Amino acid sequence: MTLAQPVILAEMPSLSKLYVNAAAQAARRRLLGTHDSAVLPAESHEVRGVRVGVENLTAYQHLIGETASDVLPAGFIHAIAFPLAMSVLNRDDFPLPLLGMIHLRNSVQQRSPLVFTDVLDMTARVENLRGHRSGTQVDVVAEVRPGGSGEVYWRGVSTYLSKGVFLPGIDKPTAVPPRADFQPPDPTALWHLGVDTGRAYAAVSGDFNPIHLSVLSAKALGMRRSIAHGMYLASRALADVGPARGDSFTWDVEFEAPVFLPSRVALEIATEHSGSGSWKHSRFVAWSPRSGRRHFSGTVAAL
Amino acid sequence: MSTDGQSTPAAEGSPRASVPATRRAVIVGANRIPFARSGGAYAKSSNQDMLTAALDGLIARFGLQDERIGQVAAGAVLKHSRDFNLTREAVLGSALSAETPVYDLQQACATGLETVVGLANKIKLGQIDSAIAGGVDSASDAPVVVSEGLREVVLDLHRAKTLPQRLQILARLRPKDLAPLAPGTAEPRTGLSMGEHQALTTAQWKIPREAQDELALNSHRNLAAAYESGFFDDLMTPYRGLTRDGNLRADTSLEKLASLKPVFGRNLGADATMTAGNSTPLTDGASTVLLASDEWADARDLPKLATVVDAEAAAVDFVHGKDGLLMAPVFAVPRLLARQNLTLADFDYFEIHEAFAATVLSTLAAWEDEDFGRTRMGLDGAFGSIDRSRLNVNGSSLAAGHPFAATGGRIVGTLAKMLHAKAASTGRPARGLVSVCAAGGQGVVAILESL
Amino acid sequence: MADTYAQLVNSGPGRNLARKLGLPQPAVLRRYEPGQPLVAGPVVVLGDTAGADKLAAELLSWGLDVRRHAVPAEKLGAIILVLDELGHPADLEMPVLAAAGSLRDLRAGGRVITLSRPAGEASTPEAAAARQGVDGFLRSLAKELRAGATGNGVLLADGTTSTSPSALGAVRFFLSARSAFVDGQFLMVSTEDGALPEDVERPLAGKVAVVTGAARGIGAQIARTLHRDGATLVLVDIPGAGDQLAAVANEVHGTALQLDITGADAGRRIIDHAVQRHGRLDIVVHNAGVTRDKLLANMDQARWNQVININIAAQLRINQALLASEHFRSSPRIVSVASTSGIAGNRGQTNYAASKGGVMGMVRASAPLLTSNGGTINAVAPGFIETDMTARIPFGVREVARRLNSLQQGGLPSDVAEAIAFLASDAAGGINGEVLRVCGQNLVGA
């Protein structure tokens, strides 16, 4: 009898190796057929003593449009915890194929600021396997604590969709929620995203997923052009909300149409203040000024 | 009397009476980040990052979160073109109210002091009630300028309509056009660097090497002692892991300084005396100063350290060597003191920016020179000498470093605190003089008085 | 979530396994959030004295669902035993057995609270026996409670009643999720002083509080908690931690004061800053502290002196300045952070334990000096709290240490902060010279 201990990794896993392994796994599954299990691995993965490179932090802050303060941006923490999260999805007993998963939603609680001198402990696990009208979705939960502390300073829940994968015992939701018609409001900002946006974010986040890097590598995975990282877009929106958000806040984003590169993205940020004049929350929505399609929307709110 | 220089108006009968009555501008406090050696702890930080860090520390010290300040003014000497609104961007990234207006200012190394003077004047005139003055510079993250050839090609390419036109324009490019031009500190009209200019002045005033090294040693010793006594505890907020100025060498000695080879004025042969030890190094850093009217400070229960009494700017004709490049304060100070009816003996502290040790010593030498006083300043004799024990008593740029536009704020914050403490311990008002020289043959000087 | 182990044994298969193997199953504790109900269900008030009646009426006026007798099979939020007129150990029988019948109906995170009299003030041996009996009873019961439920006691000194302001304040604190990691403890109410807050969500509104060591860990959490409760904050830490201090200050809209608390004029500078910037000074939280662990045989002068200077000598010196100051005379509050190491001792921590024992001695002896101004001084003694400092403890020792209490887990910085916020409030005005342990009823050095 073995107890489901958390898997403590000696060091942060390498994303590139994970992607290679994922590709091999996908090929293997195509050959052997999937062992259709509808159970998520119970173990969490944990890495302790993660240090932040200040050069990498500064480059990230500059790319996203954050001031290079000593406080780690919430999106940067997502990026450093991302390989750990991916390592859970990369397990052989994880029932969905990692490659081609679509990031549907992301929800972060930044409870207290973390600074670059903090040594970080982080855990990641998967939960909440459930149906979706076009596949199966799952939540990846990552938590980050300052070295040895029990207190979670940062918690992120990323919801991914495995399109076209239906597992036994997991029902599709019967009612498809009606999508409200989107009428683009007056934009408060216009982003000009160059064709190298994906590569630039890959360089600071370490997420070299081929769909973001170039037209060719994206086409190999069935995309017509490369697309911007969802977390790049969400992090820029968070930066655009500005310092009013303080150091503890929630940050939620829902992704819709992907942003193909290069392109222009229109954005509206609407801020609401409480009766006493302090900042309550800012909602953001982004769309294509050409087609009017909504790319993503979300909220940053006081915690 | 006619002088071949810049005469000083007589103290008596000055036109002060016609100046309208104004209120005081007080210095509440200051904050800076430790200065880092170029390529050190702040190598990847931009001017905007450092200025924001200095602002956020000031905000934290004085509880200014969400405060709408009357105006913020700051600047940088080495500035990227994308930073045209540097100060505004820093304020938007800080904990201040986003409704705080700002302006950017550039006056070479006098930028920081000039923001203090300009904002203090606005407060005195009643235009604003509160202000933050500041400055920042990064020698690490300096803008790289492309060659004129490349610049023209890029601009022409942008205007071109057809592919053949574009190809034709591109064909004009030569390999040498692709080499970037480092930002120079050379004077555009002379081609001489600031150090080379000062070397000429140093030779002219016959400032010996030993005197320069001694001044540098004192700067390090004084700054180190100030740190030890906790003097900077409420003037500084660490950034990027740095808690003290990176250039400070508490253990330096005259022997070590004497062992350094001269770097400027070597073409002057035996007279080359200026070394890396008695010249300021390239540095990164930012500083801020909180200014206010009495009412504004009182309403918020903020401390009042000193007032900004008066200031004067001067410039010298250095291009063909009439005066040394960094000698403008030599003329600014006598004019300012005459207007205020003061002499050098009336000051408790002197803060003379140490661009080079020789700059300070040349300035003092000129003031002490009978002939110079008569022929160039229109005085009866020498302007005067200062009590050297009152000079840069908590260290200055040789030890702390000199991120160009940040130096003014460093000096004003330091001096205001010293004056306040002096007055508190002696029970009588204390007065201090600030002098900052700048490129282009400029200089700004100011008087602060304790509260 | 407290730790991975706690997560593991609380999730599906892990829970079953842990049960079978007889491993500790730490509960996820209910912690305070503004706006949440005070208790998770109805409150039974047991006891037939006038004190019991008055307390029940008071709790009813708070909007609680109060019962004088348990309704069979009804899930309860709390059981309160009012034992304020015990004359003989036999008097315990009725209320205790009534409580026994309701224990199985206590919800997860429920509360048991006794109100009794201190044994030392009893007039007869019988009464003293009964009063002291409550102590043993409550501490044992706390160890029997499961699923994050806690048991704590309020001691009512002569001249106080079950509805004295601080008795009500203590009952409210013990009932609430603010006391999540306080278990098996008694808190003495010695006077009628104190007042219940006008707004229970902002009990520190209008107060100016100083927190030392506020740049990190427990200190930063104390700052956040006091800010949440309405206080204006002055945050003190060493200059080298100034950037983190500025981040905390800008987060809680306070002012940062970079200062070495071991400096001779630290007290004066703190008072000057608070008074000059914020017009007053009401609360000082001595949190700054360091560990420099070594077996005594290997102890050097630097390690010993640094710990003594920072952890206790600095507090003594600052308190002298506070007590001498005319600005610290309006119901002032001092709360010091002690440690269970100072009570039970800890191998390798002779210096730390001496300093923290010193804090407790200081608190008891200083208490009478503050009473004339309606002031109080108390200490909070954290047990195993998950912080940077405890992170340095070797892994195995840490795993054992965090399970060695009735709640079978380490506490959080917020648990310490909540206890401090309570002791700093007006509601705790009748509590003076006490040491409140925030340790989950640590098995060591009970």
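Residues numbered from 1 in each chain as written. Chains lettered and ligands numbered in written order. Predicted model: local features only at pLDDT ≥ 70, side-chain atom pairs only at ≥ 80, totals over all residues. Heavy atoms only, no water.

Topic: the overall build of chain C
- Helix and strand counts for chain C come out as 15 helices and 13 strands.
- Counting all 446 residues of chain C, 59% fall into the buried class.
- Of the contacts formed within chain C by residues at least 6 apart in sequence, a portion of 74% connects residues at least 24 apart.
- Surface accessibility of chain C: about 16400 Å² in total, with carbon and sulfur atoms responsible for 54%. (Helix = DSSP H or I, 4+ residues; strand = E, 2+ residues; numbered from the N terminus. Buried < 20%, exposed > 50% of the residue type's maximum accessible area, 1.4 Å probe, protein only. Contact = heavy atoms within 4.5 Å. Areas by Shrake-Rupley, 256 points an atom, 1.4 Å probe, with all protein chains shown as cover.)

Section: the overall build of chain A
- Each helix and strand in chain A was counted, giving six helices and eleven strands.
- Projected onto its principal axes, the C-alpha coordinates of chain A cover approximately 60 × 45 × 35 Å.
- Expressed as a percentage of its 303 residues, the buried residues of chain A come to 55%.
- Of the contacts formed within chain A by residues at least 6 apart in sequence, a portion of 71% connects residues at least 24 apart.
- Summing over all exposed atoms, chain A offers an accessible surface of approximately 13100 Å²; the carbon and sulfur share of this is 53%.
- When the 29 positive and 27 negative side-chain charges of chain A are each reduced to one mean point, those points stand 8 Å apart. (Lys, Arg positive; Asp, Glu negative; His and termini not counted. Charge placed at Lys NZ, Arg CZ, Asp CG, Glu CD.)

Description of empty space enclosed by the protein
- Within this structure, the stated rule accounts for eight cavities of 30 Å³ or more.
- Its volume calculated, the largest cavity comes out at about 90 Å³.
- Together, Pro-113, Val-115, Asp-118 and Tyr-153 of chain A together with Ala-215, Arg-216, Gly-217, Ala-220, Arg-224, Gln-244, Ala-247 and Val-248 of chain C line the largest cavity.
- Of all the secondary-structure elements, those providing two or more residues to the lining of the largest cavity are helix H7 (217-228) and helix H8 (242-251) of chain C.
- Across the lining of the largest cavity, the residue classes break down as seven nonpolar, two polar and three charged.
- Taken as a whole, the second largest cavity encloses approximately 80 Å³ of empty space.
- Forming the walls of the second largest cavity are His-78, Ala-81, Phe-82, Ala-85, Val-140, Val-141, Ala-142, Trp-154, Gly-156, Val-157, Ser-158 and Tyr-160 of chain A. (1 Å grid on protein atoms, 1.4 Å probe; cavity = no way out; pocket = protein on both sides within 12 Å on 5 of 7 lines; lining within 4 Å. Points joined across faces, edges and corners; volume = space filled by probe spheres on them. Nonpolar A, V, L, I, M, F, W, Y, C, P; charged D, E, K, R; others polar.)

Describing the domain arrangement of chain A
Residue and element names in this part refer to chain A.
- Here the domain parsing of chain A yields domain 1 (1-168) and domain 2 (182-303).
- Inter-centroid distance (C-alpha atoms) of domain 1 to domain 2 is 20 Å.
- Taken together, the contacts link 26 residues of domain 1 with 26 residues of domain 2.
- Buried surface at the junction of domain 1 and domain 2, summed over both partners, amounts to about 2300 Å²; 60% is from carbon and sulfur atoms.
- Applying the counting rule to domain 1 against domain 2 returns two salt bridges. (Domains from an automatic or database assignment. Buried area = accessible area lost by both parts, 1.4 Å probe. Salt bridge = Lys/Arg side-chain N within 4 Å of Asp/Glu carboxyl O.)

Remarks on the environment of Phe-94 of chain A
- Counting through the fold element by element, Phe-94 of chain A comes out in the loop between helix H3 (74-89) and strand S3 (102-110).
- Residues Phe-94 of chain A and Ser-263 of chain A, 169 residues apart in the sequence, show an inter-C-alpha distance of 35 Å.

Observations regarding the pattern of salt bridges
- If you walk through the whole model with that rule in mind, you get 48 salt bridges over all chains.
- For Asp-251 of chain B, the salt bridge is made with Lys-256 of chain B, and the minimal N-O distance between the two is 3.9 Å.
- For Asp-251 of chain B, a relative accessible area of 54% gives the class exposed.
- By relative accessible area, Lys-256 of chain B is classed as partly exposed at 44%.
- A salt bridge links Arg-178 of chain C to Asp-229 of chain C, with the nearest nitrogen and oxygen atoms 2.9 Å apart. Within this pair, whereas Arg-178 of chain C is found in the loop between helix H6 (165-175) and strand S6 (186-189), its partner Asp-229 of chain C is found in the loop between H7 and strand S8 (232-237), the two being separated by 51 residues in sequence. In terms of burial, Arg-178 of chain C and Asp-229 of chain C fall into one category: buried.
- Three or more residues joined by partner-sharing salt bridges are found here, namely Arg-24, Asp-294, Asp-298 and Lys-304 of chain B.

Some remarks on the sheet that holds strand S4 (residues 106-116) of chain C
Residues and elements named next belong to chain C.
- A sheet is described by the order of its strands in space; here six strands give the open sequence S2-S1-S3-S4-S5-S6, paired in parallel fashion. The open sheet terminates on both sides in strands that have one partner only, identified here as strand S2 (66-67) and S6.
- Running over the sheet, helix H5 (residues 125-144) touches strand S3 (76-83), S4, strand S5 (150-156) and S6 and is turned about 170 degrees from S4.
- Relative to S5, H6 is tilted by about 175 degrees, and along the sheet it contacts S3, S4, S5 and S6. (Pairing = 2+ DSSP bridges. Axes fitted to C-alpha atoms, helices over the stretch in contact; angles between N-to-C directions.)

Quick notes on the interface of chain B and chain A
- Contacts between chain B and chain A engage 13 residues on the former and twelve residues on the latter.
- In total, chain B and chain A occlude about 930 Å² of area from one another, counting both sides; carbon and sulfur atoms represent 50% of this.
- Of all residues in chain B, the largest losses of buried area upon contact with chain A belong to Lys-44, Asp-49 and Arg-240 of chain B, amounting jointly to 61% of the total for that side.
- For the pair chain B and chain A, the number of links is one salt bridge.
- Between Arg-240 of chain B and Asp-70 of chain A there is a salt bridge, and its shortest N-O distance comes to 2.8 Å.

Quick word on the sheet that holds strand S8 (residues 249-255) of chain A
Residue and element names in this part refer to chain A.
- Overall, mixed pairing links the eleven strands, which are arranged S1-S2-S4-S5-S6-S3-S8-S11-S10-S9-S7 in an open sheet. Edge positions in the sheet fall to strand S1 (7-9) and strand S7 (189-193), since each of these pairs with one other strand and no more. Strand-to-strand, the axes of this sheet are offset by a mean angle of 20 degrees, without reference to chain direction.
- By the bridge criterion, seven bridges tie strand S10 (residues 279-287) to strand S11 (residues 294-302) in an arrangement that is antiparallel. When the bridges of S11 are listed, Phe-284 appears paired with Gly-298.
- Packed on one face of the sheet, H3 meets S1, strand S2 (45-50), S3, strand S4 (120-132), strand S5 (135-146), strand S6 (154-163) and S8 and runs near 65 degrees to S4.

So, the nonpolar core
- Ranked by size, the top nonpolar core spans 72 residues in total, and within it Leu-72, Leu-89, Leu-120, Trp-251 and Phe-296 of chain A carry the most contacts.
- Sort the elements by how many residues they give to this core and H3 of chain A lands first, with twelve residues.
- Counting the residues that make up this core, at least three belong to each of domain 1 (1-168) and domain 2 (182-303) of chain A.
- Setting aside residues no more than four positions away along its own chain, Phe-296 of chain A makes contact with Trp-191, Leu-233, Ala-237, Val-253, Glu-254, Phe-255, Glu-256, Leu-267, Phe-284, Val-285 and Ala-286 of chain A.
- The next biggest cluster of nonpolar side chains, apart from the first, holds 71 residues, and it includes Val-45, Ala-170, Ala-417 and Ala-428 of chain C. (Core = buried A, V, L, I, M, F, W, Y, C linked by side-chain atoms within 4.5 Å.)

Considering a nonpolar patch on the surface
- On the surface, Leu-163, Leu-167 and Leu-170 of chain B cluster together into a nonpolar patch covering about 300 Å² of accessible area.
- For Leu-163 of chain B, a relative accessible area of 56% translates into the label exposed. (Patch = residues over 30% accessible without salt bridge, like charges linked within 9 Å, V, L, I, M, F, W, Y side chains within 5 Å.)

Observations regarding the packing of aromatic side chains
Residue and element names in this part refer to chain B.
- In the structure shown here, the tally under the stated rule is 16 aromatic pairs over all chains.
- Geometrically, the ring pair formed by Tyr-42 and Tyr-239 is tilted, given 5.1 Å between the ring centres and 55 degrees between the ring planes. Pair noted here: Tyr-42 is in the loop between strand S2 (36-37) and helix H1 (47-62) and Tyr-239 is in the loop between helix H7 (209-228) and helix H8 (254-258), with a separation of 197 residues, a long-range link. There is no split in this pair, since Tyr-42 and Tyr-239 are both buried.
- Relative to Phe-350, the ring of Phe-347 has its centre 5.8 Å away and its plane inclined at 45 degrees; by these criteria the two rings are tilted. Residue Phe-347 shares its accessibility class with Phe-350, and that shared class is buried. (Phe/Tyr/Trp six-rings, centres within 6.5 Å; stacked < 30°, edge-to-face > 60°.)

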